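# Examining the three-dimensional arrangement
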Amino acid sequence: QYNGLGDLFTPYQVGLLLRHRLLGNLWKGVGRYVRDPRLRMLFSFQTMYLGLSPKDALWVYGVLTYMESGEGVWYPRGGMHRLPEAIARIAQEEGARIYLNHRVEEVLIEDGRAAGVRLESGEVLKADGVIINTDAPTAYRELLPATPYAHRNFKNSCSALMFYIGYTEPLPHQLHHNVYFSRDFEANLRELFEEKRVPSDPSFYTCLSNRTDPVDAPPNCENLYVLVPVPNLTGEDARAAAPRVLETVIQRVGLKREAMQFVETLTPHEWQAMGLWQGAAFGIAHTFFQSTAFRPSVQTPFRNCYLVGASTQPGNGIPMTLISAELVAERVLGKWGRKA
Ligand SMILES: Cc1cc2nc3c(=O)[nH]c(=O)nc-3n(C[C@H](O)[C@H](O)[C@H](O)COP(=O)(O)OP(=O)(O)OC[C@H]3O[C@@H](n4cnc5c(N)ncnc54)[C@H](O)[C@@H]3O)c2cc1C
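Small disclaimer: the values here were computed from a predicted structure and weren't measured.

### Comments concerning helix 2 (residues 26-33)
Taken as a whole, helix 2 has its buried residues at L26, W27, G29 and V30. Viewed along the axis of helix 2, the buried residues span an arc of 165°, placing them on a single side of the element. Structural note: helix 2 exposes K28 and R32 on the side pointing more than 90 degrees away from its buried face. Where helix 2 is buried, its residues meet helix 3 (37-42), helix 4 (62-71) and helix 7 (185-194). One side-chain oxygen of the residue at the start of helix 2 lies 3.0 Å from the amide nitrogen of W27, identifying that residue as N25.

Here's what the structure looks like:
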């Protein structure tokens, strides 16, 4: 819980930064330990889970490589959706009412404090406090009254082109998690993060949750999920490139068109429609000046008005956003005299 920059520069924190050289460059750091370019790629690509190039990442994000290979990857039985379902159930047991498919157009602020929200339908919901889960830049630019935060020029993560494929034959060579690397990984990073183009030979990730949870697909079928990192909406339009990228995926995974019963596609435009600024699927980037105390706080400049989620402290990813929720809960319950 950072209350300001002073909390970051304590002797203990600065000691940790210096001792572990946490602000060094990840790509260069890994290069000091391994010579083979394939190993260098293998021990650094995980920052792309944050939509961040390993070449731009701080050494501290080596923790992702460690967590993946040292601690393992977790999957909630029944799928990721079980998590929000469980949270919703507990909230409803505590008396919460949940409105689905009600877009908030404006957060109402009166005398510097949150007073409720106005929905797309025009309906106004009055409230003692508001917690905003829209991406932080979108919230400051579109939902809240103008403040200097609305003009902060955030550096965004990349986006993701998604293909959800119903496949009617077994794919025995696929595991639950599979990573396909570009044949020229450095060119892939350059095209994606520097030139902001849809990579000519992209790296991508495929997932078959039915390996762990067989009920996720009918017998002898596969639920193939494909994630291709592509530029956000400040770069080349990935929607136009989607057919070409899908063809690459088909070739590299060895798919048969006749077994592809359906393909659902998500592009940066759809991420943007879900509230993610510039269609940046992973929120604002984890650069030095957008991490720790520099990242948007869960506390907005308005009283009783909070932000929560990937573009706030501490950052992107399900575990991090749940910590963000804990930080908000601490502040809200502290204010109303209860412990989180
Ligand atoms: C393709 C992809 C794969 C990922 N895989 C993983 C993974 O394997 N493991 C992991 O830990 N993390 C993963 N992540 C990251 C993780 O999904 C995010 O960090 C996390 O979902 C962010 O949570 P959030 O609450 O900030 O935002 P979201 O989950 O985006 O929730 C925000 C909600 O607010 C709603 N909303 C937005 N604007 C409005 C409005 N104006 N009115 C009403 N509602 C609104 C949206 O519809 C949405 O439901 C992945 C992300 C992506 C894009």
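There's plenty left to go through after this.
### Points about the pairing of strand 6 (residues 177-180)
Burial along strand 6 is one-sided: the face carrying N178 and Y180 is buried and the face carrying H177 and V179 is not. The sheet contact formed by strand 6 and strand 7 (residues 204-208) spans four bridges and is antiparallel. Across the sheet, the residue bridging to Y180 is F204, located in strand 7.

### Points about the side chain of H286
Here H286 lies in the loop between helix 9 (268-273) and strand 10 (305-307). One polar contact links H286 to Y61, side chain to side chain, over a distance of 3.1 Å. Within the structure, H286 has its side chain in polar contact with the backbone nitrogen of N316 (distance 3.1 Å). When neighbours within four sequence positions are excluded, H286 is seen to be in contact with L50, L52, Y61, S291, R295, P314, G315 and N316.

### So, the packing of aromatic side chains
Any two aromatic rings considered together are summarised by their centre-to-centre distance and by the angle between their planes. Under the defined criterion, the tally for this structure stands at twelve aromatic pairs. On the numbers, 5.1 Å between centres and 90° between planes, the contact of F45 with F181 is edge-to-face. Of this pair, F45 sits in the loop between helix 3 and helix 4 while F181 sits in the loop between strand 6 and helix 7, placing them 136 residues apart in sequence. When its relative accessible area of 17% is taken as the criterion, F181 is described as buried. An angle of 90° between the planes, with centres 5.8 Å apart, marks the rings of F181 and F185 as edge-to-face. In textbook terms, an aromatic cluster arises when at least three aromatic residues are bridged by ring pairs, as seen for W27, F45, Y49, F181 and F185.

### Quick word on the sheet that holds strand 2 (residues 113-119)
Across the sheet, which stays open at both edges, the three strands sit in the order 1-2-3 with antiparallel pairing between neighbours. Among the strands making up the open sheet, the edge pair consists of strand 1 (104-110) and strand 3 (124-126). Neighbour-to-neighbour, the strand axes of this sheet turn through a mean angle of 25°, independent of strand direction. Sheet analysis places strand 2 next to strand 3, joined by three bridges and oriented antiparallel. Within the sheet, the bridge partner assigned to G116 lies in strand 3 and is K126.

### Things to note about the domain arrangement of the protein
A common way to express how large an interface is: the accessible area buried when the components associate. Each domain of the protein was delimited in the assignment, giving domain 1 (5-71), domain 2 (100-154 + 294-335) and domain 3 (159-273). A separation of 26 Å is found between the C-alpha centroids of domain 1 and domain 3. Taken together, the contact pairs ten residues of domain 1 with eight residues of domain 3. Taken over both partners, the interface formed by domain 1 and domain 3 buries close to 910 Å², and the fraction arising from carbon and sulfur atoms is 84%.

### Here we look at the sheet that holds strand 6
Spatially, five strands are ordered 6-7-8-5-9 in an open sheet, and the strand pairing comes out antiparallel. Strands at the two margins of the open sheet, each flanked by one partner only, are strand 6 and strand 9 (260-266). With strand direction ignored, the average angle separating the axes of adjacent strands in the sheet is 20°. The strands touched by helix 8 (residues 238-253) within the sheet are strand 5 (159-167), strand 6, strand 7, strand 8 (222-230) and strand 9, with strand 5 carrying the most contacts at an inclination of about 50°.

Each value, and the rule that gives it
Residues numbered from 1 in each chain as written. Predicted model: local features only at pLDDT ≥ 70, side-chain atom pairs only at ≥ 80, totals over all residues. Heavy atoms only, no water. Buried < 20%, exposed > 50% of the residue type's maximum accessible area, 1.4 Å probe, protein only. Helix = DSSP H or I, 4+ residues; strand = E, 2+ residues; numbered from the N terminus. Arc of directions from axis to C-beta. Contact = heavy atoms within 4.5 Å. Polar contact = N/O pair within 3.5 Å; in protein donor to acceptor, adjacent residues only side chain to side chain. Pairing = 2+ DSSP bridges. Phe/Tyr/Trp six-rings, centres within 6.5 Å; stacked < 30°, edge-to-face > 60°. Axes fitted to C-alpha atoms, helices over the stretch in contact; angles between N-to-C directions. Domains from an automatic or database assignment. Buried area = accessible area lost by both parts, 1.4 Å probe.

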